[in-house]
Amino acid sequence: MSVLPLVFTSGWASGINAYAVVLLLGVFGATGLSDDVPETLQRPEVLVTAGVLFLCEAVADKIPYVDSAWDSVHTLIRPAAGAWVGAVLAGQSGSLNDAVAGLVGGSTALASHAVKAGTRMAVNTSPEPFSNVIVSLAEDLGVGGLVTFAIFNPQAAAIIAAVLLLAGLVILIFLISRIRRFLRRRAQRREEKRLAGRSGSPPGW
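Residues numbered from 1 in each chain as written. Predicted model: local features only at pLDDT ≥ 70, side-chain atom pairs only at ≥ 80, totals over all residues. Heavy atoms only, no water.

S.K.: Please give an account of the overall build of the protein chain that cites residues and values.
M.R.: The helix and strand tally for the protein chain stands at 8 helices and 0 strands. Across the protein chain, helices and strands are ordered from the amino to the carboxyl terminus as α-α-α-α-α-α-α-α. Seen through its C-alpha atoms, the protein chain measures out along the principal axes to roughly 70 × 35 × 30 Å. Here the protein chain holds 205 residues, and 42% of them are scored as buried. Partitioning the contacts of the protein chain with sequence separation of at least 6, the portion at a separation of at least 24 is 75%. A total of about 10500 Å² of accessible surface is found on the protein chain, and carbon and sulfur atoms cover 71% of it. (Helix = DSSP H or I, 4+ residues; strand = E, 2+ residues; numbered from the N terminus. Buried < 20%, exposed > 50% of the residue type's maximum accessible area, 1.4 Å probe, protein only. Contact = heavy atoms within 4.5 Å. Areas by Shrake-Rupley, 256 points an atom, 1.4 Å probe, with all protein chains shown as cover.)

Below is the structure:
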């Protein structure tokens with residue numbers, strides 16, 4: 001059986017929470033629930049590192065504006081993680097070229113990351129913080145549920161991931177105005193900080 005559906009689903013999930021994907025796949029492999037998970041993902045140091053970073057993301061992802069800063073830092077990390085997971089899964093299976101799997105996983109992760117980051121910018125235009133918590137919990141549950149489903153039914157999980165990705169891209173288009181508002185607010189805050197720092201400088205500076 002081709003590993004492509006699992007690669008696609010893990011790529012989509014990596015664009016949202018790469019650490020959760022590595023942790024879940026590693027646990028499934030280490031506990032013997034799946035033979036498709038390579039030993040690389042099951043190594044104790046990989047699991048511990050992914051677990052710690054997952055906890056960090058779980059906190060940062062629920063704080064307004066901190067979540068967008070976290071997303072900015074992970075613009076390269078998440079696609080890279082999706083490509084790496086795809087490549088090692090293909091290497092374990094032998095049914096798909098490693099480079100092709102890496103390309104599929106990385107590009108899918110980049111697309112879902114764009115949806116996540118853009119959606120968070122739109123959410124951050126809301127005055128209350130509860131939206132961030134609700135969206136973050138929904139993302140965590142979605143990633144956990146779909147990756148778990150993909151282990152046992154990869155084809156169906158890949159179809160769901162494709163639908164979610166397409167729906168997310170469509171929603172992102174409708175949220176462009178709110179995203180622009182977020183970017184203007186961030187630029188304004190930076191300008192205010194710069195002016196405040198200049199006014200606080202000693203005479204002669």
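So that's the structure; there's more coming.
S.K.: Could you give an account of the packing of aromatic side chains, naming the residues involved and the relevant values?
M.R.: Given two aromatic rings, one states the distance between the centres and the angle between the planes to describe the pair. Taken as a whole and assessed by the stated rule, the structure comprises 1 aromatic pair. Arranged with centres 6.4 Å apart and planes meeting at 80 degrees, the rings of Phe-28 and Phe-152 form a pair that is edge-to-face. Remark: Phe-152 occurs in helix 6 (residues 130-152) and Phe-28 occurs in helix 1 (residues 4-30); sequence separation between them is 124 residues. For Phe-28, a relative accessible area of 10% gives the class buried. (Phe/Tyr/Trp six-rings, centres within 6.5 Å; stacked < 30°, edge-to-face > 60°.)

S.K.: With reference to specific residues and values, describe helix 4 (residues 77-93).
M.R.: The end-to-end C-alpha distance of helix 4, which contains 17 residues, comes to 24 Å, matching closely the 24 Å that a straight helix rising 1.5 Å per residue would cover. By the burial criterion, the buried members of helix 4 are Arg-78, Pro-79, Ala-81, Gly-82, Val-85, Gly-86, Val-88, Leu-89 and Ala-90. On the buried face of helix 4, the contacting elements are helix 1, helix 2 (44-60), helix 3 (66-73) and helix 5 (98-123). Among the residues trailing helix 4, Gly-94 stands out with phi positive, at a value near 80 degrees. (Expected span 1.5 Å × (residues − 1).)

S.K.: Account for a positive patch on the surface, with residues named and values stated.
M.R.: Taken together, the side chains of Arg-180, Arg-181, Arg-184, Arg-185, Arg-189, Arg-190 and Lys-193 make up a positively charged region of the molecular surface. Note on placement: Arg-184 falls in helix 8 (residues 176-199). (Patch = residues over 30% accessible without salt bridge, like charges linked within 9 Å, V, L, I, M, F, W, Y side chains within 5 Å. Salt bridge = Lys/Arg side-chain N within 4 Å of Asp/Glu carboxyl O. Lys, Arg positive; Asp, Glu negative; His and termini not counted. Charge placed at Lys NZ, Arg CZ, Asp CG, Glu CD.)

S.K.: Please set out the nonpolar core residue by residue, giving values where relevant.
M.R.: By size, the foremost hydrophobic cluster in this structure holds 30 residues, and its most contacted members are Val-3, Trp-12, Leu-25, Leu-89 and Val-143. Of all the secondary structure elements, the ones that give two or more residues to this core are helix 1, helix 2, helix 4, helix 5, helix 6 and helix 7 (154-174). Tallying contributions element by element places helix 1 first for this core, with 10 residues. Setting aside chain neighbours within four positions, we find Leu-25 in contact with Val-37, Leu-41, Val-85, Leu-89, Val-147 and Ile-151. (Core = buried A, V, L, I, M, F, W, Y, C linked by side-chain atoms within 4.5 Å.)

S.K.: Now, about the packing of helix 5 against helix 6: what can you tell me, with residues and values included?
M.R.: Across the interface, helix 5 lies against helix 6 with an axial gap of 10 Å and an inter-helix angle of 160 degrees. One element, helix 5, and the other, helix 6, form an angle in the roughly antiparallel class. For the pair helix 5 and helix 6, the crossing hand works out as right-handed. Along its contact with helix 5, which presents Lys-116, Arg-120 and Val-123, the element helix 6 presents Ser-131, Asn-132, Val-135, Ser-136 and Glu-139. A breakdown of the residues in the contact of helix 5 with helix 6 according to their chemical character gives 2 nonpolar, 3 polar and 3 charged. (Axes fitted to C-alpha atoms, helices over the stretch in contact; angles between N-to-C directions. Parallel < 35°, antiparallel > 145°, perpendicular 65-115°, else oblique. Left-handed = near helix turned anticlockwise from the far one by under 90°. Nonpolar A, V, L, I, M, F, W, Y, C, P; charged D, E, K, R; others polar.)

S.K.: So what's going on with helix 6? Residues and values would help.
M.R.: Helix length check: helix 6, at 23 residues, gives a terminal C-alpha distance of 34 Å against a target of 33 Å (1.5 Å per residue), a fit within 8%. Each element contacted by the buried residues of helix 6 is listed here: helix 1, helix 3, helix 5 and helix 7.

S.K.: Quick one: what's the story with the pattern of salt bridges, residue by residue and with numbers?
M.R.: Within the structure shown, the criterion is met by 9 salt bridges. Among the salt bridges present, the one from Asp-61 reaches Lys-116, with a minimum N-O distance of 3.1 Å. Of this pair, Asp-61 sits in the loop between helix 2 and helix 3 while Lys-116 sits in helix 5, placing them 55 residues apart in sequence. Taking the relative accessible area as the measure of exposure, Asp-61 reaches 2% and is therefore buried. In this structure, Glu-139 engages Lys-116 in a salt bridge whose closest nitrogen and oxygen atoms are separated by 2.7 Å. Pair noted here: Glu-139 is in helix 6 and Lys-116 is in helix 5, with a separation of 23 residues, a long-range link. Lys-116 carries the same exposure label as Glu-139, and that label is buried.

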